[in-house]
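Single-letter residue listing:
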Amino acid sequence: MQPNLFDSLHQQPAKFGYLEELNEVQRAAVETTEGPVMIIAGPGSGKTRVLTYRIAHLINTGKAPWNILSLTFTNKAAREMQERITAIAGTEASGKLWMGTFHAIFARILRIEAATLGYPVNFSVYDAEDTKSLLKTIISELNLNPDYYKPNVAYNRISNAKNNLITPAMYAKSDDIRLTDAAANLPRMPDIYTRYANRCRQAGAMDFDDLLLNTYHLLYQHPDIAQKYQHRFKYLLVDEFQDTNSAQYAIIKKLAEPHRCICVVGDDAQSIYAFRGATIENILNFQRDYPEAAVFKLEQNYRSTRKIVEVANRVIAANNRQINKSIWTQNDDGHNIQLLNAASDTEEARMVVDSIYIDRLRLHFKNEDFAILYRTNAQSRAFEEELRRKGIAYRVYGGVSFYQRKEVKDLMAYLRLTVNPHDEEALRRIINYPTRGIGNTTVGKIAAMANQEQVSLWTVITTPALRTQLPKAAQESVGGFAKMMLYFADLLQRKNAYELAQIIGSQTGLLKELSEDKTVEGISRYENLQELLNSIKEFIDEKLAETPQEPNTLPDASLGAYLQGVSLLTDLDSDDDESGKVKLMTVHTAKGLEFPCVYVVGLEEGLFPSMMASKNVQELEEERRLFYVAVTRAKQKLHLSMAACRYRYGELQYSTPSRFIDEVASVHMETVGAKPKPGGFGNSGAYQGFKDSNSGITDNARRIKEQQLKQQRNTPPPQLPPNFKPSDTSKLQGGEAVIHQRFGQGKVVSIDGVGDKRLAVILFDTEGEKRIVLKFAQLMIVKE
DNA sequence: CCCAGCCTGGTTTTT
DNA sequence: CCAGGCTGGG
């Protein structure tokens, strides 16, 4: 095992003490600061440590921190790294590093260079919802058959093209693409793409992929600008290199052109983002583009027990396409891998939570040591319910984030439109919300004119010659709306982001409307808006306290800067208190994280691996890598779990054990809670499944499921803790509930969750009609 | 133009 | 099962 930082500080000159913490390969990777470097790093091999120390080492050997650009995959990874560097090199230096996700860093560059590309400084960033909504508009404008032309499909195709640096013009010219589109009954895709790109430009908006594509164009078409950033970023570091796409690689290659000090860290076995355009080819390309590159392989695993490492190797051995490498460890054997085998999804949840209970007791794990990892977000629900029932605090990562809530997006749309009036999606969203008599017909007319004149919707409503072509009544309401927005834009000069947001909230009637809504939904929506306002205030305070990144620059605390930052935040980034909570997330989200005790759940054929991925070998192999990522998150204890049947779309469906279990079942595996049946279920011999060799499922499983449903109906609802006072925001024992202040005391009558949106509610019955609602953590409230 | 209430379609992962 | 679209009455 590696000595810790504290020990080594006592033995070494403090400045380079960190080098003593590294093994030979790691140390070489850290000390090779000049020239191209590729680090192939297996899971748990100290990758983050190497990256961190490498940066610290660069600083300690006299390189200027603002000459270092470090690209990570998540904001969280960037933040953690920054903290660790601060610990070694001090705040002074670490604050000046350029560190963040590709998207965040490029957005910052694009903001600075917007004028060159013909974009406004405060360009909008369209999220997936905005993008799909715009595509939908375009599809209907082109009068295309909605049976074939679906916003989702169009989005994927366009996104794919952009990730491969294909512009609309190139798209229209490519024979390959024409054939694929024709085969899918989508011959008009080139028109959609062209129109989409024009509309974004007109709206001064970029989607996620544009942040990469436009950076690419910026650097490749403007040598002076490229030179400026090449000069600034003398040392490049790229984390999770296996998950970069063509656009990202082209950009970093350009940045590294003159100095070639580029260090990429990755693991082909953990490439799980091919669906987003990531390509392992980049690893090969790197060796071709930088033949002089020093290559380091980190194969020793410091994270997991030997048994876990062995299972992991077994998982990946089933793949054909891979770089030859196997991870090994000196760690103890550790616990056996436990295979949980349940009759249904609810029983699966029950078994997992029971197991958490037991491990907490016997092995002294804490709540925060556990992670439940699943393939799809929708799977979280059963586990949430069970955790709540058993009174274990939890936090779900991913899924619908705060910034995707309707009311939050509404206010955000006003803010966006204030800083960038041409933002079409923001305008459409709120031009008639709250209602001011501008219906679909009117908006349609405005859009038609905008199309004809090749201008934005905002230009139409603010240009007298165009506006007067609308019906009289519409002219008036539209004029009022424009006047209001102009007023807000004017305030932008004199008010800070927080003040302005508050003014907008009250003047548009948005806050008022929600505060008057005394239904449970209304109250929580109102609170969410308050929370949004608070987050803006926090942003400003934080920004103003920050040390500027480079000499002679000022922190950007404008509304535009806020909006841009927020648009790239994910749910993983909220600085929620994580202590004392079991963590629930998808395997994708878990990438780069580690947990003492991991449950990989829903291991059924068609779910994990996803049924979407069973079409070809490449996709199946990616699923296997995903499974590899999942099992290698575990430090001490690993559980694999599956259910014989589960509910989908309200119907009972039977499932068969995942082939992945078959592939690893012979290694250190013990079955827990299985109910061996006469005649023998399953076919691997190492576990007892519920699979029947012919029909796929036994009647017994069905019977168990039905009994369970009955029992569930008879389970008493959660009870209030003793001495509970509804007047304060006390914590309810049953899972992180906060009592809403406004209501009197009552009795819990029901508890409800709504799908993968994870909306949860407890209803109280007080005298007769009146009902109370408990709000779970930050989750919201729905129906009665 | 707005709202409530029925009906239908969707089945993956995310910056 | 659930969300978003569509319809028909105010």
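My aim in this report is to walk through the structure given alongside it, one point at a time. (Residues numbered from 1 in each chain as written. Chains lettered and ligands numbered in written order. Predicted model: local features only at pLDDT ≥ 70, side-chain atom pairs only at ≥ 80, totals over all residues. Heavy atoms only, no water.)

### Some details on the sheet that holds strand β14 (residues 634–643)
And then number 1: Pairing within the open sheet is parallel, and its seven strands lie in the order β11-β12-β10-β13-β14-β9-β17. Edge positions in the open sheet fall to β11 (394–396) and β17 (669–672), since each of these has one partner strand only. Each strand of the sheet is rotated relative to its neighbour by a mean of 25°, with strand direction disregarded.
And then number 2: Here five bridges tie strand β13 (residues 595–600) to β14, and the two strands are oriented parallel to one another. The partner of V600 across the bridge, within β14, is L640.
And then number 3: Helix α17 (residues 345–362) contacts β9 (337–342), β10 (370–374), β12 (582–586), β13, β14 and β17 of the sheet and is inclined by roughly 155° relative to β14.
And then number 4: Packed onto the sheet, helix α30 (residues 617–631) meets β10, β13 and β14 and runs at close to 130° relative to β14. (Pairing = 2+ DSSP bridges. Helix = DSSP H or I, 4+ residues; strand = E, 2+ residues; numbered from the N terminus. Axes fitted to C-alpha atoms, helices over the stretch in contact; angles between N-to-C directions. Contact = heavy atoms within 4.5 Å.)

### Some words on the sheet that holds strand β6 (residues 235–238)
And then number 1: If you trace the six strands from one edge of the open sheet to the other, you get β3-β2-β6-β7-β1-β8, paired in parallel fashion. Every interior strand has two partners, whereas the edge strands, β3 (98–101) and β8 (294–298), have only one. Neighbour-to-neighbour, the strand axes of the sheet open up by a mean angle of 10°, direction not taken into account.
And then number 2: Here four bridges tie strand β2 (residues 68–72) to β3, and the two strands are oriented parallel to one another. The partner of T72 across the bridge, within β3, is T101.
And then number 3: Helix α3 (residues 47–60) contacts β1 (37–41), β2, β3, β6, β7 (262–266) and β8 of the sheet and is inclined by roughly 170° relative to β6.
And then number 4: Contacting β2 and β3, helix α4 (residues 75–89) crosses the sheet at an angle of about 155° to β3.

### Some thoughts on the packing of aromatic side chains
And then number 1: According to the stated counting rule, one finds 18 aromatic pairs in the structure shown.
And then number 2: Ring geometry for F365 versus F370: centroids 5.7 Å apart, planes at 75°, classification edge-to-face. Summarising the burial analysis for this pair, F365 and F370 share the class buried.
And then number 3: Both rings, one in F608 and one in F660, keep their centres 5.8 Å apart while their planes meet at 85°; by these two values the pair is edge-to-face. A residue pair is termed long-range when its members are at least 10 positions apart, and F608 in the loop between β13 and α30 and F660 in helix α31 (residues 659–664) qualify at 52 residues.
And then number 4: The class for F608 is buried, based on a relative accessible area of 0%.
And then number 5: For F660, a relative accessible area of 0% gives the class buried.
And then number 6: Among the aromatic residues, those joined into a cluster by ring pairs are F241, Y249, F286 and Y290.
And then number 7: In this structure, R360 is placed above the aromatic ring of Y357, and the distance from its NZ or CZ to the ring centre is 4.8 Å.
And then number 8: Over the aromatic face of F73 sits the side chain of K591, whose NZ or CZ is 3.7 Å from the ring centroid. (Phe/Tyr/Trp six-rings, centres within 6.5 Å; stacked < 30°, edge-to-face > 60°. Buried < 20%, exposed > 50% of the residue type's maximum accessible area, 1.4 Å probe, protein only. Lys NZ or Arg CZ within 6 Å of the ring centre and 35° of its normal.)

Just geometry here; none of it tells us what the structure is for.
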